[in-house]
Amino acid sequence: PQPSFGSHARMQFRALTLLAICTLFISVHSEEDAAADPNTASIAGVGGLAGYEPPSNVEAHSLIDLDIRDIELLGTDYAAATEIYENGHNSPSGDSFRTLQGFSTKYATDENVRSEPMALLGFRYWRDWDYSNQHVLAALTPTDNEKYGNYMTGALASTDDARKQIIKKVIKFQMVWQYAFHELEGAYNKYHNTGLTDEERYGLKGAIHALDEFWAFYAGSLEDGSQEAGEVDGEGKG
């Protein structure tokens, strides 16, 4: 069933609330960076993550954009791109690496996150919880998919130019974007959870850390907030 006007309005209100909380925390902690414990700050030097200095340690999280850059720079080496996409190369998480694919497949395996507004919007359109993963795999493999495109036989979709654009843009603007909002949802929930202690709600392991994770995934490690002359795709300077 299609979402009702009321459900759209509630999703929009929740999204605006999340962004308001994010803006509040980022502005407050940007002003307090100078007084922050140097052992908790994650990104050294001027600018931090696209101009924001996260008070909690999210450096490893931000490195996920290096996987995107590496996939782009591989060009038509789809086998190597698939290996990075499925196994990760640059963003450590525990004993392995965080993966771009996991940003999408989480919604296919974890029912607890399916109530998130952005997840519901994607599912109600595509009818798949891991729609962005299925789309990327169709272009990487390539395969013909009635829903996502004929990347094996389609006159346009099967071209390298089309496949590379789909892979890059679905990862950037659907997959990572939705997972970044997942972290924003986590911040919202911790902020409003009165069953937690103040430290668990507002400390560096609480809503603040979840907000930092949101920004780390959204902005990445390469963006410095500027635009250099002569910059080309894949350089990741601005």
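Cut-offs applied
Residues numbered from 1 in each chain as written. Predicted model: local features only at pLDDT ≥ 70, side-chain atom pairs only at ≥ 80, totals over all residues. Heavy atoms only, no water. Axes fitted to C-alpha atoms, helices over the stretch in contact; angles between N-to-C directions. Helix = DSSP H or I, 4+ residues; strand = E, 2+ residues; numbered from the N terminus. Left-handed = near helix turned anticlockwise from the far one by under 90°. Contact = heavy atoms within 4.5 Å. Nonpolar A, V, L, I, M, F, W, Y, C, P; charged D, E, K, R; others polar. pLDDT = per-residue confidence, 0-100. Buried < 20%, exposed > 50% of the residue type's maximum accessible area, 1.4 Å probe, protein only. Parallel < 35°, antiparallel > 145°, perpendicular 65-115°, else oblique. Phe/Tyr/Trp six-rings, centres within 6.5 Å; stacked < 30°, edge-to-face > 60°. Expected span 1.5 Å × (residues − 1).

1. Let's talk about the packing of helix α5 (residues 100–109) against helix α8 (residues 160–192)
Here is step 1 of the chain: α8 packs onto α5 with a crossing angle of 65 degrees between their chain directions and a minimal axis gap of 9 Å. Between α5 and α8 lies a crossing whose hand is left-handed. Residue-level inspection shows Leu-100, Gln-101, Phe-103, Ser-104, Lys-106 and Tyr-107 of α5 in contact with α8, the latter providing Ile-171, Met-175, Val-176, Gln-178, Tyr-179 and His-182.
Here is step 2 of the chain: The residue inventory of the contact of α5 with α8, partitioned by class, reads seven nonpolar, four polar and one charged.

2. Some remarks on the confidence of the model for the chain
Here is step 1 of the chain: On average, residues of the chain carry a pLDDT of 83, and 74% of them reach 70 or more.
Here is step 2 of the chain: Counted against residues more than four places away or in other chains, residues 27–46, with its pLDDT under 50, gives 24 contacts.

3. Describing unusual backbone geometry
Here is step 1 of the chain: Residue Pro-142 is reached from Thr-141 by a cis peptide bond, and omega for that bond is -10 degrees.
Here is step 2 of the chain: Take Pro-142: it is sitting in the loop between α7 (131–140) and β3 (144–145).
Here is step 3 of the chain: Even without being glycine, Ala-50 reaches a positive phi, approximately 55 degrees.
Here is step 4 of the chain: Examined against the element boundaries, Ala-50 turns out to sit in the loop between α1 (5–31) and α2 (59–62).
Here is step 5 of the chain: Judged by its relative accessible area of 24%, Ala-50 is partly exposed.
Here is step 6 of the chain: The residue Arg-127 is not glycine, and still its phi comes out positive at about 65 degrees.
Here is step 7 of the chain: Summarising the element assignment, Arg-127 is placed in the loop between α6 (117–126) and α7.

4. Concerning the environment of Leu-196
Here is step 1 of the chain: One can find Leu-196 in the loop between α8 and α9 (198–202).
Here is step 2 of the chain: For the pair Leu-196 and Gly-206, spaced ten residues apart in sequence, the C-alpha separation works out to 9.4 Å.
Here is step 3 of the chain: Setting aside residues up to four positions removed in sequence, Leu-196 forms contacts with Lys-190 and Arg-201.

5. A word on α6
Here is step 1 of the chain: Taking burial as the measure, the ten residues of α6 include seven buried ones, the bulk of the element.
Here is step 2 of the chain: Here α6 has its buried residues at Pro-117, Met-118, Ala-119, Leu-120, Gly-122, Phe-123 and Trp-126.
Here is step 3 of the chain: Note on α6: the residue one or two positions beyond its end, Arg-127, has a positive phi of about 65 degrees.

6. Here we look at the packing of α8 against helix α10 (residues 207–219)
Here is step 1 of the chain: Close contact between α8 and α10 brings their axes to 8 Å; oriented N to C, the two are set at 170 degrees. With respect to α10, the axis of α8 lies roughly antiparallel. Between α8 and α10, the contacting residues are Val-176, Trp-177, Tyr-179, Ala-180, Phe-181, Glu-183, Leu-184, Gly-186, Ala-187, Lys-190 and Tyr-191 on the first element and Ala-207, Ala-210, Leu-211, Glu-213, Phe-214, Phe-217 and Tyr-218 on the second.
Here is step 2 of the chain: Here the contact of α8 with α10 is built from residues that sort into 14 nonpolar, one polar and three charged.

7. What to know about the packing of aromatic side chains
Here is step 1 of the chain: Tallied over the entire structure, the rule returns 13 aromatic pairs.
Here is step 2 of the chain: With a centroid separation of 5.9 Å and 70 degrees between ring planes, the pair formed by Tyr-191 and Tyr-202 is classed as edge-to-face. Placement of Tyr-191 in helix α8 and of Tyr-202 in helix α9 is noted, with a sequence separation of eleven residues between them.
Here is step 3 of the chain: Note on Phe-214 and Tyr-218: the rings are 5.9 Å apart at their centroids and 20 degrees apart in plane angle, and the pair reads as stacked. Of this pair, Phe-214 and Tyr-218 are both found in helix α10, four residues apart, which corresponds to roughly one turn of the helix.

8. Section: α10
For an α-helix the count is 3.6 residues per turn, leaving residues at separations of three or four pointing the same way.
Here is step 1 of the chain: Taking 1.5 Å as the rise per residue, α10 with 13 residues should run 18 Å; its terminal C-alpha atoms sit 18 Å apart, in good agreement.
Here is step 2 of the chain: The buried fraction of α10 amounts to twelve of the 13 residues, a majority that puts the element mostly inside the structure.
Here is step 3 of the chain: Taken residue by residue, α10 has Ala-207, Ile-208, His-209, Ala-210, Leu-211, Asp-212, Glu-213, Phe-214, Trp-215, Ala-216, Phe-217 and Ala-219 as its buried positions.

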